[in-house]
Amino acid sequence: MIKIYNTLTRSKETFKPVKENRIKLFVCGPTVYDDSHIGHARTYISFDVIARYLKYRGFSVFYLQNITDIDDKIINRAISTGNDPLDLAREFEAEYLKDMEKLGVENVNFYARATEHIEEIKAQIETLLKSGFAYETDNGVYFDVSKYPDFGKLSNRKIEDLNVHRISPDPNKRNPEDFALWKKKDVKPVWNSPWGAGRPGWHIEDTAITEEYFGPQYDIHGGGLDLIFPHHEAEIAQMESASGKKPMVRYWMHTGFLNVNGEKMSKSLGNFITIKELIKKYPPEVFRFFTLSTHYRSPIDFSQEILEQSQNSLKRINKFYETIDELLNIETSTFDQYSPEESSPPSYIPETGENDEQFNRLLEETRIKFLEAMDNDFNTPLALSLLFDFIRVINRNVQQGTISQKPLLNIKFFFNDISNILGFNFTSTSENSKNNLTEELVDLIVDIRNKLREKKDWELSDEIRSQLDDLGIILEDK
RNA sequence: GCCAAGGUAGCUUAGAGGCGAAGCGGUGGACUGCAGAUCCAUUACACGGGAGUUCAAAUCUCUCCCUUGGCUCCA
């Protein structure tokens, strides 16, 4: 039974899709006017894991994301760089998709561009106008918040409180908190509409897109915490008014902020880190681990030091996975050739052992606890800590030679599942790098060094090891 | 002013009434020619202060202190 924290009710609820077994998941995508930053990465990795887990749990997940490719920021950026706004948007959209691919975010089924849903947007505005929820002014078409008494239910605000700190509200609007559905414009990218040329407001694209692919009601809507107000609030108002159906979304999920060195990430503070900059310094998996070591709703603090910690922690899991592989591979490659007469038999571990049952039981317990942790609002930090507990016990038994192949094989399958769910790739280097020239050359150097070691030429051996280390190749003598 | 999230060992995080918290880091030991990895031990009977409820409180209640964020665009 999966429980999800619902921003709307501010409590954990048992998850039940509208349609049995089929989940419609929408997550707000980026406005493509610049390179994506590590805050985006945090959010999209979180939802990537959520989608992966729901699939693992047997649900069929349709994960939809919008791409905001028309917006003031894009236009301003295009003007300042002398580009066409739509070209600029395409360019950064491509960069975004590349970044996501590198981060291992691969579960989005469809990316929907705002500019390719102008007809749906206009249709929804038309509906809202006809039913009296929207009105037209000289500047555009606005949603009349006073017609929707539930406005503020997601962000827990009262309409009265909203206009307190407003600066210079548009006098043509009926209420200061009314928001634009259509902006009348005559410059640059504009589309024709019954209300004149212009372009859509920010909020309407999402509901137009979700209505097109999901209908007026669906399961999960996700995004960053900062989108709750006003964006998601506006979405609810639009869609529920247009369709007359409530709720538009059953579960609202929001990811916490990523801060840098305890401060909000912003361009003015100079602590703005793009995904590209990040993955120049650290493998994407390290960032993924960092992300998953904090609950998705909690704020997360990014710093070099913490990323180093994540790197070391992840190394421990990878190392463990490699150890298992090695133990099992030794068997497959040398077990048949082993004969008791040989003076130095190849090291191997027995196929079965007397403790097999015990290890299988431990594995099952760990699996159950892991699933329980993930079921409980996707508690990845707890899930990871369970893995570490398990790894320690198995390592101990590996060291003591008290574990056999059979349980190790089961463990390997379990970790394959884990790597799928969390989006890691634990595959050991030995599996990946066969037929690789670099690897062969390294093997050659290692062979030579082993001969030096036989001659007890420690000085040269150590120098070779140290120089390999400088090249990023870590040599560990057994 | 209004809303929200927090303050748990050196660092990063789980836990949410009773059971040894996990990882990283430090120190010592086992193993090793050395180093690394791994294991064992230790740092470490941790929960911002105060009061209350309870047989029992990091966990519930009250109160105080502090941090961060949102209320304009933002994942």
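Keep in mind the model is a prediction, meaning the values are calculated, not measured.

1. Observations regarding the overall build of chain A
And then number 1: A count of helical and extended segments in chain A gives 16 helices and 14 strands.
And then number 2: Its C-alpha atoms give chain A principal-axis dimensions of roughly 95 × 50 × 35 Å.
And then number 3: Across the 478 residues of chain A, 48% fall into the buried class.
And then number 4: Here the contacts in chain A between residues at least 6 apart in sequence split such that 76% fall between residues at least 24 apart.
And then number 5: Split by element, the accessible area of chain A, about 23,800 Å² in all, is 49% carbon and sulfur.

2. Description of the layout of surface pockets
And then number 1: In this structure, the second largest pocket occupies an estimated 950 Å³ of space.
And then number 2: Surrounding the second largest pocket, 36 residues form its lining, H37, H40, D226, L227 and F257 being those nearest its centre.
And then number 3: Sorting the residues of the lining of the second largest pocket by element identifies helix 1 (38-56), helix 6 (204-214), strand 10 (218-224) and helix 7 (228-243) as the ones contributing at least two each.
And then number 4: Considered class by class, the residues forming the lining of the second largest pocket number 13 nonpolar, 13 polar and ten charged.

3. Regarding the confidence of the model for chain A
And then number 1: Confidence in the prediction of chain A, expressed as mean pLDDT, is 87, and 91% of residues score 70 or more.
And then number 2: Every residue in residues 330-347 scores below 50 in pLDDT, and together they form ten contacts with partners more than four places removed in sequence or on other chains.
And then number 3: Low pLDDT, under 50, characterises residues 428-435; the stretch is placed with ten contacts to residues that sit more than four places away or in other chains.

4. A closer look at the protein's contact with RNA strand B
And then number 1: What surrounds RNA strand B is a group of 51 residues, the closest being K73, W202, L227, S313 and R396.
And then number 2: Those atoms of RNA strand B that come within 4 Å of the protein belong to sugar or phosphate at a rate of 69%.
And then number 3: Side-chain polar atom of N312 to a phosphate oxygen of RNA strand B: 3.3 Å apart, as the coordinates give it.
And then number 4: For RNA strand B, a sugar or linking oxygen lies 2.3 Å from a polar atom in the side chain of S313.
And then number 5: Here the element with the most residues in the surface near RNA strand B is helix 12 (residues 380-400); it accounts for nine residues.
And then number 6: Taken together, the residues of the surface near RNA strand B sort by class into 13 nonpolar, 21 polar and 17 charged.

5. Examining helix 16 (residues 458-470)
And then number 1: In a regular helix each residue adds 1.5 Å, so 13 residues correspond to 18 Å; helix 16 covers 18 Å between its end C-alpha atoms and thus fits that length.
And then number 2: Every buried residue of helix 16 is accounted for by S461, I464 and L468. Taken around the axis of helix 16, the buried residues stretch over an arc of 65°, which confines them to a single face. Exposed residues lying more than 90 degrees from the buried face of helix 16 are E459 and D470.
And then number 3: Following helix 16 by one or two positions, G472 has its phi on the positive side, about 90°.

6. Some remarks on the nonpolar core
And then number 1: Judged by nonpolar contacts, the single largest core of 84 residues is most densely connected at L54, F287, F302, F370, I411, F415 and L422.
And then number 2: It is helix 1 that provides the largest number of residues to this core, a total of ten residues.
And then number 3: Residue assignment places this core across two domains, with domain 1 (3-302) and domain 2 (315-422) each supplying three or more.
And then number 4: Contact partners of L54, with chain neighbours within four places excluded, come to I2, F15, I23, F59, V61, I220 and F378.
And then number 5: The next biggest cluster of nonpolar side chains, apart from the first, holds 39 residues, and it includes W195, I204, A208 and F214.

7. Some words on a nonpolar patch on the surface
And then number 1: Judged by side-chain polarity, L441, L444 and I448 come together as a nonpolar surface patch covering roughly 280 Å² of accessible area.
And then number 2: Relative to the assigned elements, L441 resides in helix 15 (residues 437-454).
And then number 3: Classification of L441 as partly exposed rests on a relative accessible area of 46%.

8. Considerations on the sheet that holds strand 11 (residues 249-255)
And then number 1: Taken together, five strands build an open sheet; the order of strands is 5-4-3-10-11 and the sheet is parallel. The open sheet has two edge strands with one neighbour each: strand 5 (110-113) and strand 11. Each neighbouring strand pair of the sheet contributes to a mean axis angle of 25°, computed without reference to strand direction.
And then number 2: Sheet topology places strand 4 (residues 60-67) next to strand 5; four bridges connect them, and they run parallel.

9. Topic: the packing of aromatic side chains
And then number 1: Applying the stated criterion across every chain yields a total of 25 aromatic pairs.
And then number 2: Aromatic side chains F390 and F415 sit 6.3 Å apart centroid to centroid with 25° between the ring planes, which places their arrangement in the stacked category. With F390 in helix 12 and F415 in helix 13 (residues 405-422), this pair connects stretches of sequence that are 25 residues apart. No difference in accessibility class separates F390 from F415, as the two residues are buried.
And then number 3: Linked through ring pairs, F320, F370, F390, F414 and F415 together constitute an aromatic cluster.

10. Some words on the pairing of strand 8 (residues 179-184)
And then number 1: With four bridges joining them, strand 7 (residues 140-143) and strand 8 adopt antiparallel strand pairing. Its bridge partner being in strand 8, F143 is matched across the sheet by F179.
And then number 2: The sheet contact formed by strand 8 and strand 9 (residues 198-200) spans three bridges and is antiparallel. Residue K183 lies in a different strand from strand 9, and its bridge partner there is R199.

11. Some thoughts on the pairing of strand 3 (residues 22-27)
And then number 1: Where strand 3 and strand 4 come together, six bridges link them in parallel fashion. Its bridge partner lying in strand 4, R22 is registered against S60.
And then number 2: Crossover connection from strand 3 via helix 1 to parallel strand 4: handedness right-handed.
And then number 3: Here three bridges tie strand 3 to strand 10, and the two strands are oriented parallel to one another. Residue pairing for strand 10: L25 is matched across the bridge by I220.

12. A closer look at the environment of D35
And then number 1: Turning to its location among the elements, D35 is positioned in the loop between strand 3 and helix 1.
And then number 2: Spatially, the C-alpha atoms of D35 and E93 are 8.8 Å apart, while their sequence positions differ by 58 residues.
And then number 3: Contact partners of D35, with chain neighbours within four places excluded, come to F92, E95, T274 and K276.

Basis of the calculations
- Residues numbered from 1 in each chain as written.
- Chains lettered and ligands numbered in written order.
- Predicted model: local features only at pLDDT ≥ 70, side-chain atom pairs only at ≥ 80, totals over all residues.
- Heavy atoms only, no water.
- Helix = DSSP H or I, 4+ residues; strand = E, 2+ residues; numbered from the N terminus.
- Buried < 20%, exposed > 50% of the residue type's maximum accessible area, 1.4 Å probe, protein only.
- Contact = heavy atoms within 4.5 Å.
- Areas by Shrake-Rupley, 256 points an atom, 1.4 Å probe, with all protein chains shown as cover.
- 1 Å grid on protein atoms, 1.4 Å probe; cavity = no way out; pocket = protein on both sides within 12 Å on 5 of 7 lines; lining within 4 Å.
- Points joined across faces, edges and corners; volume = space filled by probe spheres on them.
- Nonpolar A, V, L, I, M, F, W, Y, C, P; charged D, E, K, R; others polar.
- pLDDT = per-residue confidence, 0-100.
- Near = heavy atom within 4 Å.
- Polar contact = N/O pair within 3.5 Å; in protein donor to acceptor, adjacent residues only side chain to side chain.
- Expected span 1.5 Å × (residues − 1).
- Arc of directions from axis to C-beta.
- Core = buried A, V, L, I, M, F, W, Y, C linked by side-chain atoms within 4.5 Å.
- Domains from an automatic or database assignment.
- Patch = residues over 30% accessible without salt bridge, like charges linked within 9 Å, V, L, I, M, F, W, Y side chains within 5 Å.
- Salt bridge = Lys/Arg side-chain N within 4 Å of Asp/Glu carboxyl O.
- Pairing = 2+ DSSP bridges.
- Axes fitted to C-alpha atoms, helices over the stretch in contact; angles between N-to-C directions.
- Phe/Tyr/Trp six-rings, centres within 6.5 Å; stacked < 30°, edge-to-face > 60°.
- Right-handed = clockwise from strand over helix to strand, strands pointing away.

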